[in-house]
Amino acid sequence: MRLMSGSQILLESLMKEGVEVIFGYPGGVTLPIYDVLYDHPLRHILVRHEENASFAAEGYARSSGKVGVCLATSGPGATNLTTGLVDALMDSIPIVAITGQVPSHLIGRDAFQEADTFGITRSATKHNYLVKDINELPQIIHEAFHVASTGRPGPVLVDVTKDVLTGKAHYHPAQEMEPMPGYSVRLDPEDDEIEAAVKFLWQAERPYIYAGGGVIASEASAELAEFSEILEAPIALTVMGLGAVPWNHPNYISMLGMHGSYAANMGVTETDALVGLGVRFDDRVTGRLDAFAPHAQVLHVDIDPAEIGKNRRANVGVVGDVKHVLRRLNQRLRETKDAQGGENREARAGWMARIREWQREHPYARPYDENEIKPQFLMEKIDELSNGDAIVAVDVGQHQMWAAQYMRFNEPRLWVNSGGLGAMGFGLPAAMGAQVANPSKVVFAIVGDGGFQMALPELSTIASNGLPLKIIIMNNGTLGMVRQWQELFYNRRYSSVDMDCFPNCELLAAAYGIKGKTVDKPGGLESALREALAEPGPYLLNVKVTPEENVYPMVPSGGAVSEMILQPPKPVAVGD
Amino acid sequence: MQQLISLLVENKPGALMRVAGVLSARGYNIESLTVAKTLDPGMSSMTIVADVDPVMGPLLIKQITRLINVVQAVDLTESQSVCRELALIKVTVSPEMRPALLQEADIFRAKVVDAAPTSYTLEVTGASEKLDALIGLLHNYGQVEMIRSGAMAMARSPRSNKSNGFVEASRNTVKAVEPVKT
């Protein structure tokens, strides 16, 4: 048995978990790790800020389903990771963060770059560890990956003291999990839950499927489509669930919620049987909770028992992995369809017809202007060229919602966005992670001019690693979503939303040695996008769009979903 | 609303912080907290009394159960349980009142654990209300100084043989099934 340093043991343990790449940034106490990395097969991508290491790890995880890994030093390195950890926690994304900690004997003595990482990240992670004994390291790393990737996935942080990293020990690879009495995952539902669900579903006259990130995490796309087909029910997806069913599935009615489609929001308001699959009844979906799905009984399926009944009472709750639950449900529904499925058949057919009518009546608007690029038009063009196959990583704000509305995905894991936390600055580093995980895929980073500037230093990482990202800046010269709220709810008092002094993008790109262009006329958009796609390396395309364009439909914050605003309010004449 | 929560947690650094964090993140105040190891030295039992929004009570139990170091969380607020607290009470007392004090202490089955010329220190266990009543009475004798352990609770009539009194309801069998209205 070879005597190894803690740093070597750490990297061997990561390799054993199948880790191929680490996004990180070195520092004082992680020097021993970086010394081993110097000639180690593990790939390390040096980001330009630790926050972007955690976002990149997320982009890697979201687009591949594998656990993303990031690495930072103690103190500021660890605190900078925190936003990405909370983001991963909110969206249930499996990442493992490794941080260095000051030597054990200095903990609590306010040492240089000491921070209570274990305490700070306690509520930012699914679970976290402080390693002070080198012999515990292999098992803790194994446990960290297990916790991150099973059950409801999430971020796990392992804080390792410098004396552990420099110490020596015989490496005993973790063979199997040591018992974790406080952690068990229930994948399969109970029989009585399934029977209650089947009964619930056949009683429905206006069933409605509301599916989210849980479907993607459990890879239940095929089961979801089949479920909808047996039940003949519409599927609306959350912003976390986009791609869970292919865009052209006949029962798919787009996104629901604050900026959801008219059909999806009217459907959820009228349904008598709401089926939540891997969703958490988030306020951006429900609007005012007591007016959400007011006529519906609720069937809620989730792997996390704490989600059932958290925001909305479930008439039937099923705890389990969505894929496992849907398999069982589909089987039981097929078996019982002849006997029980006939009763409400006509009502259900009428319901589907009504949904289709709503879809026809109010599709997403498709504004076009000859002189300026409408942001919606930009999204349609990107969608057209990506053909449902490209990965689209977005930042947070108006462009995110337009992209969510107009992008059509053929499969899951093509849509990468910060759903729950809404962390600006996410888009560009997340796209890097997605590109690293999917080197042969086209990856668009669609970002606003605000979020782009939060992550701007990463252009250096992108250029240095030759990541062929297609960075599309939807540039409206303003923090668009904040501006939209100020327009609608704060009497147009536009406060601190102007983003003037935006850099010249050709020069900016050139400064990093990559190609770039600015386009501001609709006529030039398609050729510019094609040029970006034809470029083998990274490309920075700055697209100037109509500044004062709002995202509709919009459910005002705290309003009922059915009270969505479909178009700009009519100007009020003076004197009225 | 005062919620009485009984927990079985792994005896590990940070376990208490995680549990307390679920409460503090929601702005709930912990009224009392007791922690000690169980027969299994790898486990600790905790009893928490917290001031909780009644609507969020059941959810809180699930969110505490979700913590990796928490093996079991049981809400004993409405259940049959034995709930006891210990108090040490130091009361100053004049020589002529000493017999009367001892008599009253006896009613509450309080024991004298320290005697000094001007004070007695009593040890008493019981339900929190009993302790409140005794402390109220002792104020009539002189200055009162006291320290309380906080409530410790154990479910009555355990269905299993487990000596810690936890019912067999691990997270594996957590159910949220409610009958469908017909």
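It should be emphasised that the depicted structure is a prediction, and the values quoted were computed from it without experimental measurement. (Residues numbered from 1 in each chain as written. Chains lettered and ligands numbered in written order. Predicted model: local features only at pLDDT ≥ 70, side-chain atom pairs only at ≥ 80, totals over all residues.)

(A) Structural view of the overall build of chain A. Looking only at helices and strands, chain A features 22 helices and 20 strands. In terms of overall size, chain A behaves like a compact globule, its C-alpha atoms giving a radius of gyration of 25 Å where 576 residues would be expected to give roughly 25 Å. In terms of overall dimensions, chain A has C-alpha extents of about 70 × 60 × 45 Å along its principal axes. Counting across all 576 residues of chain A, residues that qualify as buried make up 56%. Across chain A, contacts joining residues at least 24 apart in sequence account for 76% of those joining residues at least 6 apart. (Helix = DSSP H or I, 4+ residues; strand = E, 2+ residues; numbered from the N terminus. Rg over C-alpha atoms; globule rule 2.2 N^0.38 Å. Buried ≥ 20, exposed ≤ 12 C-beta atoms within 10 Å, placed from the backbone. Contact = placed C-beta atoms within 7 Å.)

(B) Up close: the overall build of chain B. From N to C terminus, chain B includes 4 helices and 9 strands. Looking at chain B as a whole, 31% of its 182 residues are labelled buried.

(C) Focus on the nonpolar core. One finds Cys70, Ile95, Val96, Val158, Val392, Ala393 and Ala445 of chain A to be the most contacted residues of the largest nonpolar core, which totals 207 residues. Not counting residues within four places of it along the chain, the set of residues in contact with Ala445 of chain A comprises Ala393, Gly427, Leu428, Ala431, Leu469, Ile471 and Ile472 of chain A. Counting 13 residues, the second largest nonpolar core, distinct from the first, contains Ile89, Leu101, Ala105 and Ala110 of chain B. (Core = buried A, V, L, I, M, F, W, Y, C linked by C-beta atoms within 7 Å.)

(D) Fine view of the pairing of strand β5 (residues 81-92) of chain B. Residue and element names in this part refer to chain B. Where β5 lies against strand β9 (residues 152-155), 4 bridges are found, and the strand directions are antiparallel. Bridging from a neighbouring strand, Val82 pairs with Met154 of β9. Direction of pairing for β5 relative to strand β7 (residues 119-126): antiparallel, over a ladder of 8 bridges. Paired with Leu86 across the bridge in β7 is Thr125. Note that β5 and strand β8 (residues 144-148) share 5 bridges and pair antiparallel. Each bridged residue has a counterpart across the sheet, and for Val91 the counterpart in β8 is Val144. (Pairing = 2+ DSSP bridges.)

(E) Quick peek at unusual backbone geometry. All names here are of chain A. Residue Pro553 is reached from Tyr552 by a cis peptide bond, and omega for that bond is -5 degrees. Examined against the element boundaries, Pro553 turns out to sit in the segment after β20 (539-544). Positive phi values are uncommon outside glycine, yet Glu219 reaches one of about 55 degrees. By the secondary structure assignment, Glu219 is in the loop between α9 (213-217) and α10 (221-231). Classification of Glu219 as partly exposed rests on a count of 15 C-beta atoms within 10 Å.

(F) Just the domain arrangement of chain A, in detail. All names here are of chain A. When cut into domains, chain A gives domain 1 (3-170), domain 2 (191-361) and domain 3 (375-554). For domain 1 and domain 2, the distance between their C-alpha centroids amounts to 38 Å. Between domain 1 and domain 2, the residue contacts involve 5 residues of the former and 5 residues of the latter. (Domains from an automatic or database assignment.)

(G) Broad picture of the interface of chain B and chain A. Facing the 24 residues of chain B at the interface are 31 residues of chain A. When residues in the side of chain B that touches chain A are grouped by element, the largest group, 4 residues, is from helix α1 (residues 15-25) of chain B. In terms of residue class, the side of chain B that touches chain A is built from 11 nonpolar, 5 polar and 8 charged. (Nonpolar A, V, L, I, M, F, W, Y, C, P; charged D, E, K, R; others polar.)

(H) View of the sheet that holds strand β15 (residues 391-394) of chain A. Residues and elements named next belong to chain A. Spatially, the 6 strands line up as an open sheet ordered β16-β15-β17-β18-β20-β19, and their pairing is parallel. Two strands close off the open sheet at either side, each with one partner strand: β16 (415-416) and β19 (515-519). Relative to β20, β19 runs parallel, the two being bridged by 5 bridges. Counted as the bridge partner of Thr518 is Asn542 from β20.

(I) Region of the structure containing the environment of Lys381 of chain A. Residue and element names in this part refer to chain A. Checked against the element boundaries, Lys381 lands in helix α15 (residues 375-386). Since 20 C-beta atoms lie within 10 Å of it, Lys381 is described here as buried. In the structure, Lys381 is positioned 158 residues away from Glu223 in sequence and 31 Å away in space, judged by C-alpha atoms. Not counting residues up to four positions away in its chain, the partners in contact with Lys381 are Leu525, Glu526 and Leu529.

(J) Geometry of the sheet that holds strand β11 (residues 252-255) of chain A. All names here are of chain A. One open sheet accounts for 6 strands, arranged β11-β10-β9-β12-β13-β14; its pairing is parallel. The sheet is open, and its two edges are formed by β11 and β14 (316-319), each paired on a single side. Strand-to-strand twist of the sheet, defined as the mean angle between neighbouring strand axes without regard to direction, takes the value 15 degrees. As defined by bridge partners, strand β10 (residues 235-237) adjoins β11 across 2 bridges and the pair is classed as parallel. Opposite Leu237, over in β11, you have Met255 as the bridge partner. α10 rests against β9 (207-211), β10 and β12 (273-277) of the sheet, and its axis sits at about 170 degrees to β9. (Axes fitted to C-alpha atoms, helices over the stretch in contact; angles between N-to-C directions.)

(K) Quick peek at the domain arrangement of chain B. Residues and elements named next belong to chain B. Here chain B is partitioned into domain 1 (2-79) and domain 2 (82-152). Taking only C-alpha atoms, the centre of domain 1 and the centre of domain 2 are 29 Å apart. Only β2 (29-37) and β3 (43-51) provide two or more residues apiece to the side of domain 1 that touches domain 2. It is β2 that contributes the most residues to the side of domain 1 that touches domain 2, 3 residues altogether. Residue composition of the side of domain 1 that touches domain 2, grouped by class: 3 nonpolar, 3 polar and no charged.

(L) Representation of the packing of helix α8 (residues 191-203) of chain A against helix α13 (residues 322-340) of chain A. All names here are of chain A. Axis separation between α8 and α13 bottoms out at 10 Å; the angle between their running directions is 50 degrees. Classified by the angle between their axes, α8 and α13 sit oblique to one another. Judged by the sense of rotation from one axis to the other, the crossing of α8 with α13 is right-handed. In contact with Ile194, Ala197, Val198, Leu201 and Trp202 of α8, α13 contributes Arg328, Leu329, Arg332, Leu333, Thr336 and Gln340. Taken together, the residues of the contact of α8 with α13 sort by class into 7 nonpolar, 2 polar and 2 charged. (Parallel < 35°, antiparallel > 145°, perpendicular 65-115°, else oblique. Left-handed = near helix turned anticlockwise from the far one by under 90°.)

(M) Spotlight on the pairing of strand β18 (residues 470-475) of chain A. Residue and element names in this part refer to chain A. With 6 of its 6 residues buried, β18 lies for the most part within the structure. Every second residue of β18 is oriented toward a common face, with Lys470, Ile472 and Met474 on one face and Ile471, Ile473 and Asn475 on the other, all of them buried. Across 5 bridges, strand β17 (residues 443-448) lies against β18 in parallel orientation. Note that in β18 the partner of Ile446 across the bridge is Ile472. The sheet contact formed by β18 and β20 spans 6 bridges and is parallel. Paired with Lys470 across the two strands is Tyr539, which belongs to β20.

(N) Representation of the confidence of the model for chain B in the model. Residue and element names in this part refer to chain B. Averaged over every residue, the pLDDT of chain B is 87; residues scoring 70 or more account for 86%. The least confident element of chain B, judged by mean pLDDT, is β9 at 92; the most confident is β7 at 97. Note that residues 162-182 has pLDDT below 50 and, in this model, 49 contacts with residues that lie over four places away or in other chains. Both scores are available for the predicted complex, with the pTM at 0.94 and the ipTM at 0.91. (pLDDT = per-residue confidence, 0-100.)

(O) Representation of the environment of Arg66 of chain B within the structure. Topologically, Arg66 of chain B is positioned in the loop between α2 (57-65) and β4 (70-75). For the pair formed by Arg66 of chain B and Gly136 of chain B, sequence separation is 70 residues and the distance between their alpha carbons is 41 Å. Those residues in contact with Arg66 of chain B that sit more than four places away from it in its chain are Asp304 and Ala306 of chain A.

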